[in-house]
Amino acid sequence: AIFMCGWVAYLTSSYAQATTTSNLLWGMIGYSDEALPRAAYRPELRGSPRETVLRLGHWALAVGFVAQTVTTASLITSFRIYALDHRDAQIKLTLLGLEMEYSTAAEWGV
């Protein structure tokens, strides 16, 4: 973790230095005010119900994917605990409507 923190700090500072150098070499300082506006940008949509629904939909998708990941990790962990506690038991698993039967946990690679 300490290595990652140092690496990220180095990359952040080196990126800022590289972009400043490129801006000076290419003469691009002060051009951000003169940038062309996007053709599809409509300022009247800012704060509208449509924008709110889109943002809420994106957050709902993000929360759903995180919940799916946590649930899957929990199910895998509980299955492994069961398989380790019952090494000689018959294990049946139904996944997407398909029943799979293995004689021991060793066949699962647990």
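Definitions and limits used
- Residues numbered from 1 in each chain as written.
- Predicted model: local features only at pLDDT ≥ 70, side-chain atom pairs only at ≥ 80, totals over all residues.
- Heavy atoms only, no water.
- Patch = residues over 30% accessible without salt bridge, like charges linked within 9 Å, V, L, I, M, F, W, Y side chains within 5 Å.
- Areas by Shrake-Rupley, 256 points an atom, 1.4 Å probe, with all protein chains shown as cover.
- Salt bridge = Lys/Arg side-chain N within 4 Å of Asp/Glu carboxyl O.
- Helix = DSSP H or I, 4+ residues; strand = E, 2+ residues; numbered from the N terminus.
- pLDDT = per-residue confidence, 0-100.
- Expected span 1.5 Å × (residues − 1).
- Buried < 20%, exposed > 50% of the residue type's maximum accessible area, 1.4 Å probe, protein only.

Asker: Would you mind going over a nonpolar patch on the surface in detail, with residue names and values included?
Answerer: A grouping of Phe3, Met4, Trp7, Val8, Tyr10 and Leu11 is seen on the molecular surface, where their side chains present a nonpolar patch of about 670 Å² in accessible area. Within the secondary structure, valine 8 is located in helix H1 (residues 2–26).

Asker: Can you tell me about the confidence of the model for the chain, naming the residues and giving the values?
Answerer: In this model, the chain carries an average pLDDT of 82, and 85% of its residues clear a pLDDT of 70 or more. When the elements of the chain are averaged for pLDDT, strand E2 (residues 98–102) gives the smallest value, 69, and helix H2 (residues 49–85) the largest, 91.

Asker: So what's going on with H2? Which residues, and what values?
Answerer: Compared with the 54 Å implied by 1.5 Å per residue over 37 residues, the 53 Å span of H2 between its first and last C-alpha is a close match. Within the sequence span of H2, burial applies to Glu51, Phe79 and Ala83.

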